[in-house]
Every structure is written in C-alpha cells, then in structure tokens.
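Below, each chain spelled out in residue letters.
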Amino acid sequence: MRAVLRATVVAIVPLALVLAVKLEAADRKIAAAPAFSARDLTQLPQRNWITNGGNVLNQRYSPLTLHNRGNVKDLKALWRTSMGSGALPNNSGQAQILHYEGTLYVINGANDVFALDVDSGAILWTYHGNPDPKAGVPMGRSSRGVAIGEGKVFVAQLDARLVALDQKTGKVAWEIVAEPWQKGFSLTSAPLYYNGLVIVGFSGGEMASRGKVKAFRAKDGKEAWTFNTVPGPGEPGHETWPQDGNAWEFGGAPVWQTPAVDPDLGLVYFSTGNPGPDLHGGVRPGDNLYSVSIVAVDAKTGKYRWHFQQVHHDIWDYDSPNPVVLFDAEIGGKMRKGLVEVSKTGWAYILDRETGQPLIGIEEKPVMQEPRQATSATQPFPIGDAIVPQSIDIPPEGSSIVPSGASVINDGKIFTPFWTDPIAMKPGTMGGANWPPSSYDPESHLLYVCATDRINSFSTQAELPTPKANDVYMGGRFVQTNADDRGILAALDVRTNKLAWRQQWREICYSGSVVTAGGLLFVGRNDGRLTALDKSNGKSLWEFRTDAGVNTTVTTFDWNGDQRVVVHAGGGVFAGAQRGDGIWMFSLKGTMKSLPVGGAGGPGGGGGPGGAFGARAPAQAETRPVSVDHGRQLYAEACVACHGEQGDGGHGGGPSLVAGQPAETIAGIAKTGKNNMPPFGRVYSDADLKDVAGYVVDVLAKKK
C-alpha cells in the first residue's frame, strides 16, 4: 500500500542477457478520472481506455487507424517494466490494462496493483492486495482487471474484498468484505464502474457457493443492490431447483466476467457459470436457473428483467465465462439492438437485448438421457455455425477401455450424458470459448472468438460428498484424453451466425482479442508471441515474442499522435505458458526487437513442454527426507488446478495421479514436463518434487 515514485524498468532477454535502465518518475502528477457519464462509457475508445471492455458495450474495438495493415510490421517494443510479482506457478496474467491521461493501471495474479507512466513504464505507485492464501477457486490465482472512476481505482480481490484506491497515490480510500471468502466466494472479474456504482460478479461455482452480482456505491462502498444468480425461496426461478432440500444454497452459477450495460435501456447484462455440483445433476433435478444463462437486470436496482438459459440442467461444466457483447446491426431487414455471448458449448447465442428473445433461431431439440443425472429432455441448439467441433470423428487412443479409459458413445456428441464410467466427448472442459474476451467489429459485424478443441472424459463420483463452503464441490471429474488439443480462432458474422473465417492452432487459443479500424486483430499466443492479424481473413501481419505467455488482452490508444499497444505478458495456468511479470509497451517509435525463439516457454516456444515459470535458473538439488506436509503445500500451489484436490482430475483436465504410478515416476514427469504440463524442475528442487510425489502416493492414492 505504499507509493513508489522511482522504478527500475527491466528488459529481460533469455540466455542471461539482462539490460536494466533506471528511470525517474519524480513528481509526475496523475490525473484523476471523473465520474464518467454514460456517454463517456459508451463511446469508442481513442485517447483513453477507461473500462475493461473498451466501452461498457464490451466490444473491445478501437477506431484508431495509425496502426494498419501496411505499417504494423514496423511495430516494436518501446519499453518493458517488471512488476516483481505475479509469476508463481499458480498465478495467471489475465488483466486487461486501463489507460487514463498518461497513466496505466494493471493488476496481476497476486492481486498487486500498479500505476505506470505511459512514456517510461516507471511504476508510480503499488498496492499489495495480499489476499488470504486459502481464498479463491482451485483454478489458479488471477484477476481480469480493475475499474476507474471518481478519482479511484476499484480492485476486486481473490478473497472477495472490494477495495477503492486513491487514483493519485494508491492508498486505500475504502475497503469492504463484499462476501466472506470462507463461504466459497471470490472475485476474479474486473469490476464495472457505471452511474456512481461499482458492479461485480462473484466466482466460486466449484466451492459450494451461491452466485451473486452486487453493486456498491463508488463513493463509500455501501451496498446498493444484490442479484442472486441462484434464486432462493420466493424469488422467480426458485421452482427450477428441488423444493424438498437446500441444493440451491450451493447452486453455483458464478459470474466470471465484467458485465455489459445499455444506458438507453437501463439494463446490465452478464452470463453465468455452471450449477453446483458441476458434474452431478442427480442431486439438483430441474433446469437450475439462472445457471448457464444470459441475464438482464435493472442497472439502478438490480431487479430481474429477463433471462435466456443456454444449457438446461448443465452436467458438463458448459458454462458461459466469455463476456456478453452488445451490438446494433441489421438482421432480417431491420435494425436490431442485439447481444451475443459465446459459451463453452462452442455456440454463439444471439439475442434481442430488449427482450432476451433470439434474433437468430435457437431450437429446442431432444438429447440423450440419463435418469440418474436427471437430465433435461431437450437443449437449445442455435441455428448457424458452431465455433468448435461438437462430436468426436476419430476416437482417441485408449478410448473404449472402461474403467481405465473412456468410452465413446453417441459419437462423443455434445450433451452426451454420463455416470460413474468415464465418457469421452466434445467440447471438453476448456470449451468452446472460455474466459478470454471476444471482440466485435461494428464495420463488418464480425465477432472474433478464441476457442479450444479438446476431447475430455466426464464421470460422476460414486459417493457425492456433503457440500461444505469453500471446499471443492464438483461431484465428478473430467480428464483430458490421449489426444492433442487444437486452438481455434474464428470470425463469426453476428447477423447470420455464420463463420466468415476460421483457423486452427497447434496450441489452445487462450487470449482475448482487440480489433481496430486499421484492419488489425491483436491476439496473444501461449509461447510468448503477441500477433497482429488481418481482421478480414486472419492472415498474420506481425508478431513479437515477449518473455512469457500472452494470455490476456491488449489495450490500444492514441497518445499524442502515437498509437500505443500495451499488454501484460504473464502466462497462464491452463495455457501451459511460461509465467512472467512484464508489462510491454509497443509503438512505431519503439526500438526493442522481438526476443529470439526460445525466449519464452510453452509449446513451440523452445522452453520445453508446457512452458516454465519466469526467467530463473533451475532449482538447486538438495538431499533431505521426504516431507509429505511440504508436498501437500506444493501440490496446492502447483498441481490442484489441473489434477484436482484428490489427484483424480481437475478443471485443467490433467490425468489421474492416483492410478498406481510410483513416486519416482511422478517426480520425474513433474521435473521434465509432459503434454500440457510444464517442466516444474525449473522452479522446484528434486527434493520438492519428491515431497509432492510422496504426498500423492502416501496420502491421495490411499484415499482412493
């Protein structure tokens, strides 16, 4: 929480070549943001980027043309600043950077917030969030951004605290417990400043919590309204949950992204996540509103206006973490006020934002049934093109071998039900589209979507544990099958729900995008590259290799006639990307060249399988007795996101660790990496890895 007026800006180059330049930031005054009006928040961003989505329509579109198809090849880095935190194995760099009048604002996975000078990269002040290490969902530690307004920077933390910082100094103006983390609540999405309110959605759908969206007064943090994404007794929608129990109290439906706003209609829009428990529907018969839904509420009061459920009674973790995007376009010969959201199903759901009714047809179709899962008889099928394949054309190696493998039935189609034997299908746990934000071009009406093509197996637990707040409550497991992932980047016409173009990558597509009037689409890669593509066809026009995975979204703005592009290269847990703490600024006036191949880890990056963690020397070997307690700590830090708390599969789709492998094998694979798993030998000693293996074999495997 201290203000720092001097900073060291470091350009990290692999192979131990380090250049350090000390810069002065003495007495530079930080401009305070006003109470932004609705017009401020809806206009297209040019000089400033004042809200997470570029505007409150969440379009992530820039009208700037200073960078274009002809000159983007000349883009170079102007500076790189090290934050000094946020690069641990369980950290992900997911925040989109805000810019206001010469100052950048960014938060990292450690919940540390920085104000940086736009010209030098010098750190002007730092706030250390220090969230409770026991708080937060088991998918790594991350934050997707901050909000600004009324002279404050608003910070949503992993331990569900909402903090307002003085924009000029970084000192705490007010701080509240938005919800107790001990009850499974966490905040990972960027807050939204709108009309004097700070609006936030809570994550925790895997932690036996009940989803919420809340609004607080920006001036003092006093609560203004609450909308429960799982309705309780007496609230509309409660009838879609069992009436003879309390399943709704642990019903999930988290909100992973910043809402959108239509000021003319006075509505706030957001999409929700899976019901709880994720994979076991037998304990919660019914449609389970408002899980896996697009919801509209009154911006002033939070009162329900309408909803559209994308998946009824979800048992596949097919939630909707991608942001809702608002647009105006001619559809069927009439100008329509539309919205679009792409979910992990791989479909885009295109609705009238006044009524919630489909603008392009969505048909209810019968699906395969499993009575023990209380499956819904039908599911919504949007008319148009899916972003990713939704069935398995060729079974993966090792399938159809139950119980050690996964059966392929029903051609592995979307909505295939399952029980205790693993069943393989597409899309997998990553989607479809996950949290990385899509961008929308109002010129062409194309929506640009980053997605993943993965086969996962799904199964329920034979014995479902009693739900307990802040404990993982998934009700089953999913494991990645023995087949490679594909990344998919697609352009979808929202007027027709038809693909304009689509391309596949060798690694998952796990970065947000920004599209510009200059004909460019900026998108990051897991191997450390930031790229610019031709928005009309996806052709590569420029790339620059940073020192860590680029798994967030760029920000671009016109600074005194010079278009800038800035991004946090921090890597990500599920991207298998090298972690980093760097903020990179790009300009046509830049002089720093791209790092060589191998400058960042990750698939294809020369850093070994799955990447690594920061620019550091390999951990030193040490000899000591195996410590299971220490292994438990390291497992929680580095392994639980992919392998689950019990070692039998987590959200990252990692294989089971409790299938009888000896400790030596587990430690060896952890050291060198395999498939999407990074080489942990870069960050942990041999003794550390033996501790982890000992914990897996001596504790987790014996619980099985």
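Since the structure is predicted, the reported quantities are computational estimates derived from the model, not experimental observations.

A.B. asks: With reference to specific residues and values, describe the overall build of the protein chain.
C.D. replies: When you go through the protein chain residue by residue, the secondary structure sums to five helices and 39 strands. For the protein chain, the proportion of its 704 residues judged to be buried stands at 65%. Within the protein chain, contacts between residues at least 6 apart in sequence are counted, and of these 63% link residues at least 24 apart. Total accessible area computed for the protein chain in this model is approximately 24100 Å², and 51% of it derives from carbon and sulfur atoms.

A.B. asks: Tell me what's going on with the pattern of salt bridges, and back it up with residues and numbers.
C.D. replies: For the coordinates displayed, the defined rule picks out 33 salt bridges. The closest approach of N and O atoms between Lys-214 and Glu-179, which form a salt bridge, is 2.6 Å. On the criterion of sequence distance, the pair formed by Lys-214 in strand β15 (residues 212-217) and Glu-179 in the loop between β12 (172-177) and β13 (192-194) is long-range, its members being 35 residues apart. As far as the burial class goes, Lys-214 and Glu-179 line up, both buried. The residue Asp-220 makes a salt bridge to Arg-217 at a minimum N-O spacing of 2.3 Å. Classification of Asp-220 by relative accessible area gives partly exposed; the value is 33%. You can call Arg-217 partly exposed: its relative accessible area is 29%. What emerges from the salt-bridge pattern is a single network uniting Asp-527, Arg-529, Glu-543 and Arg-545.

A.B. asks: Run through unusual backbone geometry, naming residues and quoting values.
C.D. replies: Here the amide bond leading from Leu-289 into Tyr-290 is cis, since omega sits at -5 degrees, within 30 degrees of zero. Its location among the elements puts Tyr-290 in the loop between β18 (267-271) and β19 (293-298). Residue Gly-432 is reached from Gly-431 by a cis peptide bond, and omega for that bond is 20 degrees. For Gly-432, the position within the fold is in the loop between β26 (423-425) and β27 (439-441).

A.B. asks: Go over helix α5 (residues 686-703) with me, naming the residues and quoting the values.
C.D. replies: Between its first and last C-alpha atoms α5 spans 25 Å; for 18 residues at 1.5 Å apiece the expected length is 26 Å, and the two agree. Within α5, the axis deviates most sharply at Val-696, by approximately 30 degrees. Listed in full, the buried residues belonging to α5 are Ala-687, Asp-688, Leu-689, Asp-691, Val-692, Ala-693, Gly-694, Tyr-695, Val-696, Val-699 and Leu-700.

A.B. asks: Explain the sheet that holds strand β22 (residues 334-342) residue by residue, including any values.
C.D. replies: Taken in spatial order, the three strands make up an open sheet running β21-β22-β23, and their pairing is antiparallel. Sheet topology places β21 (325-331) and β23 (348-352) at the edges, where each strand pairs with a single neighbour. In this sheet, adjacent strand axes meet at a mean angle of 40 degrees when their direction is disregarded. Sheet analysis places β21 next to β22, joined by seven bridges and oriented antiparallel.

A.B. asks: Explain the environment of Val-472 to me, using residue names and the numbers behind them.
C.D. replies: As for its placement among the helices and strands, Val-472 is situated in the loop between β29 (456-460) and β30 (476-480). Residues within four places of Val-472 in sequence aside, it is in contact with Pro-138, Glu-206, Met-207 and Glu-645.

A.B. asks: So what about empty space enclosed by the protein? Which residues, and what values?
C.D. replies: Taken as a whole, this structure holds three cavities of 30 Å³ or more when the rule is applied. There is about 280 Å³ of room inside the largest cavity. Met-139, Arg-144, Asn-434, Tyr-510 and Phe-574 are the residues nearest the centre of the largest cavity, which is lined by 24 residues in total. Of the residues contributing to the lining of the largest cavity, the split by class is nine nonpolar, 10 polar and five charged. Each pocket or cavity is described by its volume, and for the second largest cavity that value is around 40 Å³.

A.B. asks: Describe the sheet that holds strand β34 (residues 520-524), listing the residues and the values that go with them.
C.D. replies: Strand order across the open sheet formed by five strands is β3-β33-β34-β35-β36, with mixed pairing between neighbours. A single partner strand is all that each edge strand has here, and the edge strands are β3 (61-62) and β36 (540-545). With five bridges connecting them, β34 and strand β35 (residues 529-534) associate as antiparallel partners. The partner of Val-523 across the bridge, within β35, is Thr-531.

A.B. asks: Requested: an account of the state of the cysteines, with residues and values cited.
C.D. replies: Should the sulfur atoms of two cysteines be covalently bonded, the bond is a disulfide. Applying the stated criterion to the full structure yields one disulfide. A sulfur-sulfur distance of 1.6 Å marks the disulfide that ties Cys-450 to Cys-509. Because the torsion about its S-S bond is -85 degrees, the bridge between Cys-450 and Cys-509 counts as left-handed. Within this pair, whereas Cys-450 is found in strand β28 (residues 446-453), its partner Cys-509 is found in the loop between β32 (498-505) and β33 (513-516), the two being separated by 59 residues in sequence.

A.B. asks: Hey, could you go over the side chain of Ser-120 for me, with residue numbers and the actual values?
C.D. replies: Structurally, Ser-120 is set in the loop between β7 (112-117) and β8 (123-128). Note on Ser-120: relative accessible area 15%, which makes it buried. Side-chain polar atoms of Ser-120 contact the backbone nitrogen of Ala-122, separated by 3.1 Å.

A.B. asks: Outline the environment of Asp-166, listing residues and values.
C.D. replies: Tracing the sequence through the fold places Asp-166 in strand β11 (residues 161-166). Judged by relative accessible area, which is 30%, Asp-166 ranks as partly exposed. Dropping the residues within four chain positions of it, Asp-166 is found in contact with Trp-125, Gly-151, Lys-171 and Ala-173.

A.B. asks: Which residues make up the pairing of β28, and what are the values?
C.D. replies: Most of β28 sits inside the fold, with eight of its eight residues counted as buried. Neither face of β28 is left uncovered, since the one carrying Leu-446, Tyr-448, Cys-450 and Thr-452 and the one carrying Leu-447, Val-449, Ala-451 and Asp-453 both have all their residues buried. Where β27 meets β28, three bridges bridge the pair, whose relative direction is antiparallel. Bridge pairing in β28 links Asp-441 to Leu-446.

A.B. asks: Which residues make up the packing of aromatic side chains, and what values do they have?
C.D. replies: Applying the stated criterion across every chain yields a total of 28 aromatic pairs. Relative to Tyr-193, the ring of Phe-36 has its centre 6.4 Å away and its plane inclined at 75 degrees; by these criteria the two rings are edge-to-face. Taken together, the residues Phe-36 in the loop between β2 (17-24) and α1 (38-42) and Tyr-193 in strand β13 connect sequence positions 157 residues apart. Centre to centre, the rings of Phe-327 and Tyr-440 are 5.6 Å apart; their planes meet at 40 degrees, and the pair counts as tilted. Of this pair, Phe-327 sits in strand β21 while Tyr-440 sits in strand β27; the two residues are 113 residues apart in sequence, bridging distant segments of the chain. The same class applies to Phe-327 as to Tyr-440, namely buried.

The rules behind these values
- Each chain has its residues counted from 1, running along the sequence as written.
- Local features are withheld for residues below a pLDDT of 70 in this predicted model, meaning they are given only at 70 or higher, and side-chain atom pairs are given and counted only at 80 or more; totals for whole chains, interfaces and linings count all residues.
- To get the side-chain values, take all heavy atoms of the structure and skip hydrogens and water.
- Strands are runs of DSSP state E lasting at least two residues, helices are runs of H or I lasting at least four, and both sets are numbered from the N terminus onward.
- In this scheme, a residue with accessible area under 20% of its type's maximum is buried, one over 50% is exposed, and one in between is partly exposed, where area comes from a 1.4 Å probe on protein chains only.
- Any two residues whose heavy atoms approach within 4.5 Å are treated as being in contact.
- Note on areas: these come from Shrake-Rupley sampling with a 1.4 Å probe, and a residue is covered only by the protein chains present in the view.
- Between Lys or Arg on one side and Asp or Glu on the other, a salt bridge is scored when a side-chain nitrogen of the former is within 4 Å of a carboxyl oxygen of the latter.
- Expected helix span is given by 1.5 Å per residue-to-residue step, counting one fewer step than there are residues.
- Two axes enter the definition of the bend at a residue: one is fitted to the seven residues ending there, the other to the seven starting there, and the bend is the angle between them.
- Criterion used throughout: strands pair if DSSP finds at least two bridges between them.
- Only the contacting stretch of a helix is used when fitting its axis, a line to C-alpha atoms as for every element, and angles between N-to-C directions run 0 to 180 degrees.
- Cavity means a closed set of points on a 1 Å grid over the protein atoms alone, one where a 1.4 Å probe fits but cannot get out, pocket means an open set with protein on both sides within 12 Å along at least 5 of 7 lines, and lining means a residue has an atom within 4 Å of a point.
- Grid points are joined across faces, edges and corners, and a volume is the space filled by probe spheres set on the points.
- For this classification, Asp, Glu, Lys and Arg are treated as charged, while Ala, Val, Leu, Ile, Met, Phe, Trp, Tyr, Cys and Pro are nonpolar and the rest, including Gly, are polar.
- Note on terminology: pairs of cysteine sulfur atoms within 2.5 Å are recorded as disulfides.
- In protein, a polar contact requires one atom able to donate a hydrogen and another able to accept it; more generally it is a pair of N or O atoms within 3.5 Å, and residues adjacent in sequence count only if both atoms are side-chain atoms.
- Each Phe, Tyr or Trp ring (for Trp, its six-membered ring) is paired with any other whose centre lies within 6.5 Å, and the angle between the two planes then decides the class: stacked below 30 degrees, edge-to-face above 60, tilted in between.

The quantities given are spatial measurements derived from coordinates; they are silent on function.
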